[in-house]
Amino acid sequence: MSRPKSYNPEVVLDRATELFWSHGFHATSMRDVGDATDLRPGSLYGTFGGKRELFLAVLERYYAGTREAVGAALESAPDPLEGVRRFLEGVAEAAIADDRARGCLMVNTVLEAAALDDDDLRHRVDTMFADIEGRLQAALERAREAGLLEADRDPARLARALIAAVYGLRVYQRRQPGPEALRDLAAELLRLLPPRSTEASTTA
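All of the points below concern the structure found in this document. Here the residue numbers are simple positions, counted from 1 along each chain's written sequence. Confidence filtering applies because this is a predicted model: local features only for residues at pLDDT of at least 70, side-chain atom pairs given and counted only at 80 or more, and all residues used for totals across whole chains, interfaces and linings. Only heavy atoms go into the side-chain values, all of them from the structure, while hydrogens and water stay out.

### Quick word on the overall build of the protein chain
Stated formally: Runs of E in the DSSP output that reach at least two residues are strands. Runs of H or I that reach at least four are helices, and both are numbered from the N terminus. Accessibility here uses a 1.4 Å probe with only protein chains present; expressed as a share of the type maximum, an area under 20% marks a residue as buried, one over 50% as exposed, and anything in between as partly exposed.
For the protein chain, the count of helices and strands is 10 helices and zero strands. What you see in the protein chain, going N to C, is helices and strands ordered as α-α-α-α-α-α-α-α-α-α. Projected onto its principal axes, the C-alpha coordinates of the protein chain cover approximately 65 × 40 × 35 Å. A buried classification covers 43% of the 204 residues belonging to the protein chain.

Written out as structure tokens, the structure reads:
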């Protein structure tokens, strides 16, 4: 009989996430991972595979959390436009709370994949962002149908602009501009949407 694992894979992923998030995929070695997780290479390879497989597991887990947060913002709001606003405000608050200026792991991965000319990795993250963009677009389409968004606004173009702005916010955040600068930037980002009505403000 094989011996049961004496470690928790979720804890290993937590520690690997911290490592990859702080140093990136390329600069992190399996030895670094082993030191961070207190696991021998055999255990790491046996459970997760190589460094790339481990990183992809970390990235998918991070994306799952991001997708859950997007869903919570969109589904808890009193109307679809308010849901999009809450999503954007959540991005800004996450940036402000990131006192180590690590940025977004998904955005960081896009930038690193481009620098490394890693088309496969870039495609994986592009697919993740495309899913989030699609969910924003669907919410904006519902908002337009409800008369909350101007009839001449294109939900697809607006969703694309919002995702591009999110990219920019999280990259800019890595310069450590300070909370006030990030809040000002987030306020400008929200100007892409119609202003909150008095009724929406009192019911939110």
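### Comments concerning the packing of aromatic side chains
Using the following cut-off: Stacked, tilted and edge-to-face are the three classes applied to pairs of Phe, Tyr and Trp rings, where Trp contributes its six-membered ring and a pair requires centres within 6.5 Å; stacked means planes under 30 degrees apart, edge-to-face means over 60, and tilted covers the rest. A ring has a charge above it when a Lys NZ or an Arg CZ is no more than 6 Å from the ring centre and no more than 35 degrees off the ring normal.
Summed over all chains, the structure comprises five aromatic pairs. Ring geometry for Trp21 versus Tyr62: centroids 5.2 Å apart, planes at 80 degrees, classification edge-to-face. Taken together, the residues span a long stretch of sequence, with Trp21 in helix α1 (residues 9-23) and Tyr62 in helix α4 (residues 51-76) at a distance of 41 residues. According to the relative accessible area criterion, Trp21 is buried, its value standing at 17%. Between Phe25 and Phe55 the ring centres are 5.0 Å apart and the planes differ by 45 degrees, which places this aromatic pair in the tilted class. With Phe25 in the loop between α1 and α2 (30-37) and Phe55 in helix α4, this residue pair connects regions lying 30 residues apart in the sequence. One aromatic cluster is present, built from ring pairs that chain together Phe20, Phe25 and Phe55. Cation over ring: Lys51 sits above Phe25, and NZ or CZ is 4.5 Å from the ring centre. Here Arg102 stacks its cationic end above the ring of Trp21, 3.7 Å away from the centre of that ring.

### Quick look at the pattern of salt bridges
Side chains that carry opposite charge are capable of pairing whenever their charged atoms lie near each other. Note the cut-off: Just to be clear on terms, a salt bridge is a Lys or Arg side-chain nitrogen sitting within 4 Å of an Asp or Glu carboxyl oxygen.
Evaluated as defined, the whole model comprises 20 salt bridges. With its nearest N and O atoms 2.8 Å apart, the salt bridge here joins Glu82 to Arg196. Of this pair, Glu82 sits in helix α5 (residues 80-97) while Arg196 sits in the loop between α9 (179-190) and α10 (198-203), and the two are 114 residues apart along the sequence. In this structure Arg196 comes out as partly exposed when scored by relative accessible area, which is 33%. Between Arg153 and Glu150 there is a salt bridge whose closest N-O contact spans 3.6 Å. The exposure class assigned to Arg153 is partly exposed, which follows from its relative accessible area of 24%.

### Re the packing of α1 against α4
To keep it simple, the criterion reads: What counts as an axis is a line fitted to C-alpha atoms, over the stretch in contact for a helix, and the angles between N-to-C directions run from 0 to 180 degrees. Each angle gets one of four labels, with under 35 degrees taken as roughly parallel, over 145 as roughly antiparallel, 65 to 115 as roughly perpendicular, and the rest as oblique. The criterion used for residue contact is that any of the two residues' heavy atoms lie within 4.5 Å. Each residue is assigned to one class: nonpolar for Ala, Val, Leu, Ile, Met, Phe, Trp, Tyr, Cys and Pro, charged for Asp, Glu, Lys and Arg, and polar for all the others, Gly among them.
Look at α1 against α4: their axes get within 9 Å of each other, and the N-to-C directions meet at 95 degrees. By the criterion of interaxial angle, the relationship of α1 to α4 is roughly perpendicular. Contact residues: α1 offers Glu10, Leu13, Asp14, Ala16, Thr17, Phe20 and Trp21, while α4 offers Lys51, Leu54, Phe55, Ala57, Val58, Arg61 and Tyr62. Partitioning the contact of α1 with α4 into residue classes produces nine nonpolar, one polar and four charged.

### Some points on α2
In an α-helix, one turn spans 3.6 residues; hence positions three or four apart end up facing the same way. To keep things clear, this is the line we draw: By construction, the arc corresponds to the directions joining the helix axis to the C-beta atoms.
Within α2, burial applies to Met30, Val33, Gly34 and Thr37. All buried residues of α2 project into a common sector of 100 degrees when viewed along the axis, lining one side. Residues of α2 that are exposed and point over 90 degrees away from its buried face: Arg31 and Asp35. Contacts made by the buried residues of α2 are with α1, α3 (41-48) and α4. A positive phi of about 65 degrees marks Asp38, the residue just after α2.

### Overview of the nonpolar core
Going by this rule: What is meant by a nonpolar core is a set of buried Ala, Val, Leu, Ile, Met, Phe, Trp, Tyr and Cys residues, joined one to another through side-chain atoms within 4.5 Å.
Core analysis: the largest hydrophobic core is formed by 57 residues, its most contacted members being Val84, Phe87, Met106 and Leu140. No other element matches α4, which puts 10 residues into this core. Dropping the residues within four chain positions of it, Phe87 is found in contact with Val70, Ala73, Ile132, Leu136 and Val166.

### Re α4
This is how the line gets drawn: Given the number of residues in a helix, its expected span is that number minus one, multiplied by 1.5 Å.
Taking 1.5 Å of rise per residue, the 26 residues of α4 would be expected to cover 38 Å, and the 37 Å separating its terminal C-alpha atoms lies within 8% of that figure. Those residues of α4 lying buried are Lys51, Leu54, Phe55, Leu56, Val58, Leu59, Tyr62, Tyr63, Val70, Gly71, Ala73 and Leu74. Considering only its buried residues, α4 is in contact with α1, α2, α3, α5, α6 (105-116) and α7 (119-145).

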